[in-house]
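Descriptive structure summary
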Amino acid sequence: MSDKAKLILGDKTFELPTFTGSEGEKAVDITKLRAETGYVTLDTGYMNTGACTSAITFLDGEKGILKYRGYSIEEIAEKSSFLESSYLVFYGKLPTATELKNFEDRIASFDDVPEGIKQQIKAFPKNAHPMAVLASNMVSLSAFYEDMCAQDLTPAQKDTAIVQLMGQIKIMAAYAYRHSQGKDFVKSDKSLDYCSDFIHMMTGDKNVKKEVAKALDILLILHVDHEQNCSTSSVRLVGSSKANIFATISAGVDALWGPLHGGANQAVLEMLAEIKDSGKGYEAFLAEVKDKNSGSRLMGFGHRVYKNFDPRAKIIKVACDTVLATLGVKDPLLDIAKGLEAVALKDEYFVSRKLYPNVDFYSGIIYRALGIPTNMFTVMFAMGRLPGWMAQWKEMVEQPGFKICRPRQIYTGDTTNTYKDIKSR
Ligand code: SDX
């Protein structure tokens, strides 16, 4: 089969190279399209556009496959840990025992943030959304670590950046929560593992059930990376200007906040609670969703890439039952979620559009069972996605031929206007 694509424009035929990835994905390489044809492509929302090649994560949306560095998400979720899978995506290999211990210890060594950051967190109103606190304090770290703001970080500085940001995002998230509760900050305890320490910094209780820590660890694993999603693409775009790593990651936090993206996990719980409180049946609620004028969506359903079950949603759904049973938690919202899913999966509207539960549909149920409040759910997503953002940024800046990202457009506005004096307008 030809490795060329033929493009006929008017009376001319152009040949464009094609590219096949290691999992068999195919692309037409349009790097030279404008120079050779004068045309650019138009692809609103980048539905068909590959922004880069990447060796970090692979999704097969039709088959519901997700792999980190070639390892299936099912195997990683079952056998790995959040910190080990973070090492895997960032360095491209599973760590030895020594490498993992060193990685874990270095993350734990970032057990606080500068005093100025703490004061800044305390300056926020208690009802501030924790994502606002996280995003603003993430970029503010640049004011306290000027040595980490160089245009090009050395390999040693990149090693520091991943452990520092993984350590400090946990601290800032816990402090933001404590401030929102009007409580004093709880100091990190290095003797605890990452997830246990986070829960301890939220609750003030060092006796964290291992099942709770394990459930959180699995949730964070499932959020580590996901190809060129909206927030990762934001990280790549901002990082491509050689903005410092704190500003670059802060852009990812901002993009993740949106309800169509990471903010969906919070929106799912609010949707389930609304169904429960209103006594609205599933059919009535879904009828609203199907009415385009209602503006409402079945949050936690649908995905740009997955046109089958999101493999993460499958894992989380099973974990839901296990975690709630272990904790002896009965959550009526879980029953509503399962009922809603069952009805939606038989409804032609969802079936014809290949809308299935995504990672956000059940994750909030577990976070709730772990005692994490709804407005912290997207912060948890950010904590899980941070290593993926860092890995994608590192891959981009180390890629030969690295360039600033600057998409083209097609102009459709007025062409020749002449200035009129204000008196004659
Ligand atoms: C995440 O990209 C990633 O990888 C993201 C993520 C990650 O790990 O980074 O997986 C995390 O963001 C998961 C998605 C969380 N968002 C939600 O759950 C919000 C609800 N879902 C949608 O808004 C929507 O499905 C998106 C945003 C996820 C995807 O939107 P697309 O690909 O742009 O699809 P679309 O909006 O063009 O929808 C196609 C059709 C439309 O109907 P028609 O115009 O064809 O009649 O499906 C309908 C949509 O109206 N539709 C929905 C729907 N999702 C799509 N209708 C009702 N409820 C929904 N949830």
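Here the structure is shown first, and the text comes after it.
Below is a short write-up of the structure. The shown structure was predicted, so the numbers you read here are calculated from the model rather than taken from an experiment.

**Some remarks on the overall build of the chain**
- Within the chain, the secondary structure is distributed over 18 helices and six strands.
- Overall, the C-alpha framework of the chain stretches about 75 × 65 × 55 Å when taken along its three principal axes.
- Residues counted as buried form 49% of the 425 residues belonging to the chain.
- Counting every atom, the chain has about 21,100 Å² of accessible surface; 54% of that belongs to carbon and sulfur.
- Taking the average place of the 52 positive charges on the side chains of the chain and the average place of its 52 negative ones, the gap between the two points comes to 3 Å.

**Thoughts on empty space enclosed by the protein**
- For the coordinates displayed, the defined rule picks out one cavity of 30 Å³ or more.
- Its volume calculated, the largest cavity comes out at about 30 Å³.
- Lining the largest cavity, in full, are P125, K126, A128, P130, V133, A176, H179 and S180.
- Among the elements of the structure, α6 (130-140) and α7 (155-180) are those that each provide at least two residues to the lining of the largest cavity.

**A short note on the pairing of strand β4 (residues 57-60)**
- Residues of β4 alternate between two faces, with T57 and L59 on one and F58 and D60 on the opposite face, all of them buried.
- Note: β4 against strand β5 (residues 65-68), four bridges, orientation antiparallel. The residue bridging D60 from the neighbouring strand is I65, located in β5.
- In this antiparallel pair of consecutive strands, β4 and β5, the connection spans four residues, and G64 shows a positive phi of 65 degrees.

**As for the site of the ligand**
- Close to the ligand lie 24 residues, the nearest being H226, R297, H303, R304 and R312.
- Here an oxygen atom of the ligand sits 2.6 Å away from a polar atom, N or O, in the side chain of H226.
- In this structure, R385 approaches the ligand through a side-chain N or O atom, which is 2.8 Å from an oxygen atom.
- Alone, the ligand offers 1,100 Å² of accessible surface; in the complex the protein occludes 78% of this.
- For the shell around the ligand, the two domains that each supply at least three residues are domain 2 (70-258 + 375-398) and domain 3 (264-369).

**Quick notes on the layout of surface pockets**
- Computed from the structure, the second largest pocket encloses a volume of approximately 340 Å³.
- Lining the second largest pocket we find 20 residues, and of these L83, E104, L192, D193 and Y194 sit closest to its centre.
- Of all elements in the fold, only α4 (97-109), α8 (194-203) and α9 (210-222) reach the threshold of two or more residues within the lining of the second largest pocket.
- Here the lining of the second largest pocket takes four residues from α4, the largest share from any one element.

**A look at the packing of α6 against helix α11 (residues 245-256)**
- Contact geometry for α6 and α11: axes closest at 7 Å, N-to-C directions at 165 degrees. It follows that α6 is roughly antiparallel to α11 by the angle criterion. Like other packed secondary-structure pairs, α6 and α11 cross with a definite hand, here left-handed. Counted together, M131, L134, A135, M138 and V139 of α6 and F246, A247, I249, S250, V253, D254 and L256 of α11 form the full contact between these two elements.
- Of the residues that constitute the contact of α6 with α11, the class distribution is ten nonpolar, one polar and one charged.

**A closer look at the environment of L220**
- Tracing the backbone through its elements, the reader meets L220 in helix α9.
- Remark: the alpha-carbon pair of L220 and A391, spanning 171 residues in sequence, is separated by 15 Å.

**A closer look at unusual backbone geometry**
- The phi dihedral of R69 is positive, around 50 degrees, even though this residue is not glycine.
- Of note, R69 is situated in the loop between β5 and β6 (71-72).
- When its relative accessible area of 22% is taken as the criterion, R69 is described as partly exposed.
- The residue K354 is not glycine, and still its phi comes out positive at about 55 degrees.
- The partly exposed category is assigned to K354, whose relative accessible area is 44%.

**Quick word on the state of the cysteines**
- Here the structure, examined in full by the defined rule, presents zero disulfides.
- There is no disulfide at C52, and the cysteine sulfur nearest it, in C405, is 8.4 Å away.
- A relative accessible area of 27% means that C52 is categorised as partly exposed.
- Cysteine C230 remains unbridged, with the sulfur of C405 as its closest cysteine sulfur at 14 Å.
- On the basis of relative accessible area, C230 is assigned to the partly exposed category, the value being 47%.

**Details of the sheet that holds strand β2 (residues 12-20)**
- Ordered by their spatial adjacency, three strands build an open sheet running β1-β2-β3, and the pairing between neighbours is antiparallel. Lying at the two open borders of the sheet, with one neighbouring strand each, are β1 (4-9) and β3 (26-28). Between one strand axis and the next, the sheet turns through 30 degrees on average, direction left out of account.

Cut-off values and rules
Residues numbered from 1 in each chain as written. Predicted model: local features only at pLDDT ≥ 70, side-chain atom pairs only at ≥ 80, totals over all residues. Heavy atoms only, no water. Helix = DSSP H or I, 4+ residues; strand = E, 2+ residues; numbered from the N terminus. Buried < 20%, exposed > 50% of the residue type's maximum accessible area, 1.4 Å probe, protein only. Areas by Shrake-Rupley, 256 points an atom, 1.4 Å probe, with all protein chains shown as cover. Lys, Arg positive; Asp, Glu negative; His and termini not counted. Charge placed at Lys NZ, Arg CZ, Asp CG, Glu CD. 1 Å grid on protein atoms, 1.4 Å probe; cavity = no way out; pocket = protein on both sides within 12 Å on 5 of 7 lines; lining within 4 Å. Points joined across faces, edges and corners; volume = space filled by probe spheres on them. Pairing = 2+ DSSP bridges. Near = heavy atom within 4 Å. Polar contact = N/O pair within 3.5 Å; in protein donor to acceptor, adjacent residues only side chain to side chain. Domains from an automatic or database assignment. Axes fitted to C-alpha atoms, helices over the stretch in contact; angles between N-to-C directions. Parallel < 35°, antiparallel > 145°, perpendicular 65-115°, else oblique. Left-handed = near helix turned anticlockwise from the far one by under 90°. Contact = heavy atoms within 4.5 Å. Nonpolar A, V, L, I, M, F, W, Y, C, P; charged D, E, K, R; others polar. Disulfide = S-S within 2.5 Å.

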